[in-house]
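Chain by chain, the residues run as shown.
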Amino acid sequence: MTKETINIGLIGYGTVGKGVVRILKSSSKIIIGKVGKPIEVKSICDINPIDKTELYVKDFRQIIKDPDIDLIVELIGGYEPARTIIIESLKAGKNVVTANKAALAKFWGEIYTAIQTYQKSVYYEAAVGGAIPVIAGLTEGLAGEEILEIKGILNGTTNFILSKMTKDALDYKSALKEAQSAGFAETDPSFDVNGIDTANKLAILASLAWGSWIKVKDISVSGIADLDIKDVSLTKRNGSIKLIGSAVKMKNGIDLSVQPCFIGKEHPFSSVRDEYNAVMIKGKNSGDVLFYGKGAGQGPAASAVVSDIINLSQFMVTNTKGIIPDIIYDPKIKNQILPFSKSKAAYYLRFTVSDKPGVFAKLADILGKHKVSIASLSQPNISRGDFADIVIITHPSVLEDLNSALKEIKSLRSIIKSAPVKIKIETF
Ligand code: HSE
């Protein structure tokens, strides 16, 4: 590449986009040192016209078509027109940097086919875990590993909300508001709280790990919106509840889930608070490798985008190809996905029941009948009035057995006050 500068076309000028422009300026010396020439933002496109009129372009197609632009940075999020921008940029012979986990997870096959067809690259370190270099860690750092497990706290907003609810006894709505004003949440925060954002990120990591496109629809997803503050406070003496994305390679397939889990104090995830994320990847030879850092917010996300821009620029300057090394994408590879109902784990169960003789025995009887074995049983609060909370910790049980037991218990209208609560206990 003989040009004096690398020119960027930035599509999407929100929280992360503004952070990217800021870091590109403040790190200009580092950039010249690493790339050998400056990186400049030549054009910016956003749905809202921006004040920097000399850079503002109304139509993103103009940026993609501009022969003087070397690299497209897509930061608008969502499915469309993000998908079109990524595909059309590759078609136009341009490398792409994106933070868009939703589009990657949904259009993985199409994007990787376009990467292979047009021999250009898409880098997306910011899409998973904010500033944590987990994509590079997985694809390069663990390139030779047979990956056995990926587990992670992958959403900063929900982790922030759960931390505030646990530590500061803040209610759910106020905690979410705080996360939104700190710039952690998605434009539509239901993606954060219903677990979809975590599922998008898990799908990306699992697809990288196992060489086939793992789809969000293959993942059993539940979020934190229905969590009861009572369970947050009942569990906080021994640990905390966190939203965990989990992908485990079993003998006959991959087990995939996103759900709130109880994390004991001895677990490394237990000290991951606020907007921090952590990802634990188990390789056959490496054993557990832990990645940790800020998973949301302008600085962390923009930092990862700038790293991708620098890495791709280095490839462009040296005329090397720059497809993310070590990625396998082969549509012929099929991974078996295990039905979630067959997964086995220990659970925290809470029942709000009539406080009268024989109720403990009845619950224990039904659980036993469905092959759910009890590890411990307690009535944590002194009963106030007619109802009491009973907390049961189970031994590892098959989910469908447990669900059948809970269905039967729920139907005991004379003793059950509200739907039983079940939270998976994550072990380490
Ligand atoms: N809304 C996301 C989160 C931003 O809270 O983690 C980073 O992907």
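This structure is a prediction, so every number in the text was calculated from the model and none was measured.

Conventions adopted
Residues numbered from 1 in each chain as written. Predicted model: local features only at pLDDT ≥ 70, side-chain atom pairs only at ≥ 80, totals over all residues. Heavy atoms only, no water. Helix = DSSP H or I, 4+ residues; strand = E, 2+ residues; numbered from the N terminus. Rg over C-alpha atoms; globule rule 2.2 N^0.38 Å. Buried < 20%, exposed > 50% of the residue type's maximum accessible area, 1.4 Å probe, protein only. Contact = heavy atoms within 4.5 Å. Core = buried A, V, L, I, M, F, W, Y, C linked by side-chain atoms within 4.5 Å. Pairing = 2+ DSSP bridges. Axes fitted to C-alpha atoms, helices over the stretch in contact; angles between N-to-C directions. Near = heavy atom within 4 Å. Polar contact = N/O pair within 3.5 Å; in protein donor to acceptor, adjacent residues only side chain to side chain. Areas by Shrake-Rupley, 256 points an atom, 1.4 Å probe, with all protein chains shown as cover. Domains from an automatic or database assignment. Phe/Tyr/Trp six-rings, centres within 6.5 Å; stacked < 30°, edge-to-face > 60°. Lys NZ or Arg CZ within 6 Å of the ring centre and 35° of its normal. Left-handed = near helix turned anticlockwise from the far one by under 90°. Nonpolar A, V, L, I, M, F, W, Y, C, P; charged D, E, K, R; others polar. Arc of directions from axis to C-beta.

1. Section: the overall build of the chain
Here is step 1 of the chain: Of the regular secondary structure elements, the chain holds 14 helices and 16 strands.
Here is step 2 of the chain: Against the 2.2 N^0.38 benchmark of 22 Å for 428 residues, the chain shows a C-alpha radius of gyration of 24 Å, consistent with a compact globule.
Here is step 3 of the chain: Along the three orthogonal principal directions, the C-alpha set of the chain runs to about 85 × 45 × 35 Å.
Here is step 4 of the chain: A buried classification covers 53% of the 428 residues belonging to the chain.
Here is step 5 of the chain: Taking all contacts inside the chain whose residues are at least 6 apart in sequence as the whole, residues at least 24 apart take part in 74%.

2. Points about the nonpolar core
Here is step 1 of the chain: Judged by nonpolar contacts, the single largest core of 64 residues is most densely connected at Tyr 124, Ile 150, Ile 204, Leu 205, Leu 208 and Ile 281.
Here is step 2 of the chain: Residues in contact with Ile 204, not counting those within four places in the same chain, are Lys 101, Leu 104, Ala 105, Trp 108, Tyr 124, Ala 127, Val 128 and Ile 135.
Here is step 3 of the chain: Formed by 30 residues, the second largest nonpolar core is a distinct cluster that contains Ile 8, Ala 302, Val 306 and Ile 310.

3. Some points on the sheet that holds strand β4 (residues 95-98)
Here is step 1 of the chain: If you trace the five strands from one edge of the open sheet to the other, you get β2-β1-β3-β4-β5, paired in parallel fashion. At either margin of the open sheet sits one strand with a lone partner, and together these are β2 (39-45) and β5 (122-123).
Here is step 2 of the chain: Judged from the six bridges that link them, strand β1 (residues 6-11) and β2 form a sheet pairing that is parallel. Pairing of Ile 8 across the sheet is with Val 41, part of β2.
Here is step 3 of the chain: Across the face of the sheet, helix α4 (residues 82-91) comes into contact with β1, β3 (71-74), β4 and β5 while running at roughly 170° to β3.

4. Observations regarding the site of the ligand
Here is step 1 of the chain: Lining the immediate environment of the ligand, one finds Lys 101, Asn 155, Gly 156, Thr 157, Phe 184, Ala 185, Glu 186, Asp 192, Asp 197, Lys 201, Gly 295 and Ala 296.
Here is step 2 of the chain: Between the ligand and Glu 186, the relevant distance is 2.6 Å, taken from a nitrogen atom to a side-chain nitrogen or oxygen of the residue.
Here is step 3 of the chain: Contact with the protein chains removes 91% of the 260 Å² of surface that the ligand exposes when unbound.

5. Describing the domain arrangement of the chain
A common way to report how large an interface is uses the accessible area buried once the components associate.
Here is step 1 of the chain: Taken as a whole, the chain is organised into domain 1 (6-130 + 298-316), domain 2 (134-294) and domain 3 (341-426).
Here is step 2 of the chain: Measuring from the centre of the C-alpha atoms in domain 1 to the corresponding centre in domain 3 gives 50 Å.

6. Overview of the packing of aromatic side chains
Here is step 1 of the chain: In this structure the tally under the stated criterion is seven aromatic pairs.
Here is step 2 of the chain: Consider the rings of Tyr 79 and Phe 107, whose centres lie 6.2 Å apart with planes at 90°: the pair is edge-to-face. Of the two residues, Tyr 79 is situated in the loop between β3 and α4 and Phe 107 in helix α5 (residues 101-118); the sequence distance between them amounts to 28 residues.
Here is step 3 of the chain: Between Tyr 112 and Tyr 329, the aromatic rings sit 5.8 Å apart at their centres with planes inclined by 40°, giving tilted as the arrangement. Of this pair, Tyr 112 sits in helix α5 while Tyr 329 sits in the loop between α12 (298-317) and β12 (344-354), placing them 217 residues apart in sequence.
Here is step 4 of the chain: With a relative accessible area of 12%, Tyr 329 lands in the buried category.
Here is step 5 of the chain: Taken together through their ring pairs, the aromatic side chains of Trp 108, Tyr 112, Tyr 124 and Tyr 329 make up a single cluster.
Here is step 6 of the chain: The ring of Phe 107 has Arg 83 sitting right over it, with the charged end atom 5.8 Å from the ring centre.
Here is step 7 of the chain: Looking at Lys 215, its charged tip hangs above the ring of Trp 213, at a distance of 4.4 Å from the centre.

7. With respect to the environment of Ile 366
Here is step 1 of the chain: Structurally, Ile 366 is set in helix α13 (residues 359-369).
Here is step 2 of the chain: Given a relative accessible area of 1%, Ile 366 falls into the buried group.
Here is step 3 of the chain: The spacing of Ile 366 and Ser 190 is 176 residues in sequence and 36 Å in space, taken between C-alpha atoms.

8. Observations regarding the side chain of Ser 246
Here is step 1 of the chain: Here Ser 246 is to be found in strand β8 (residues 239-250).
Here is step 2 of the chain: Discounting chain neighbours no more than four positions away, the residues touching Ser 246 are Ile 150, Lys 151, Leu 202, Asp 255, Leu 256 and Ser 257.

9. Digging into the packing of α13 against helix α14 (residues 399-410)
Here is step 1 of the chain: At their nearest, the axes of α13 and α14 sit 8 Å apart, and the two run at 145° to each other. Here α13 and α14 pass one another in a crossing that is right-handed. Residues Leu 363, Ile 366, Leu 367 and Lys 369 of α13 touch α14, and the partners they reach there are Leu 402, Ala 405, Glu 408 and Ile 409.
Here is step 2 of the chain: Here the contact of α13 with α14 is composed, by residue class, of six nonpolar, no polar and two charged.

10. So, the pairing of strand β9 (residues 253-264)
Residues in a regular strand project their side chains so that they alternate between the two faces of the sheet.
Here is step 1 of the chain: Of all twelve residues making up β9, twelve are buried, and the element is well covered by its neighbours.
Here is step 2 of the chain: Pairing of strand β7 (residues 220-221) with β9, which is carried by two bridges, proceeds in the parallel orientation. Across the sheet, residue Val 221 finds its bridge partner in β9, namely Val 258.
Here is step 3 of the chain: As judged from the twelve bridges shared by β8 and β9, these two strands associate in the antiparallel manner. Across the sheet, the residue bridging to Ser 240 is Ile 263, located in β9.
Here is step 4 of the chain: Where β8 folds back on β9, the antiparallel hairpin that results is connected by two residues.

11. Notes on α13
Here is step 1 of the chain: Listing the buried residues of α13 in full gives Val 359, Leu 363, Ile 366 and Leu 367. Along the axis of α13, the buried positions cluster into a sector of 100°, meaning they face one direction only.
Here is step 2 of the chain: Those residues of α13 that are buried are in contact with β12, β13 (374-378), β14 (387-394) and α14.
Here is step 3 of the chain: Just past α13, the residue Lys 371 takes up positive phi, approximately 65°.

12. Examining unusual backbone geometry
Here is step 1 of the chain: Omega for the bond connecting Glu 80 with Pro 81 falls within 30 degrees of zero, at 5°, which places this linkage in the cis form.
Here is step 2 of the chain: One non-glycine residue, Ala 169, lies in the positive phi region at around 50°.
Here is step 3 of the chain: Relative to the elements of secondary structure, Ala 169 occurs in the loop between α7 (156-167) and α8 (172-181).
Here is step 4 of the chain: Notably, Asp 274 is not glycine yet its phi reads approximately 55°, a positive angle.
Here is step 5 of the chain: Tracing the sequence through the fold places Asp 274 in the loop between β9 and β10 (276-283).

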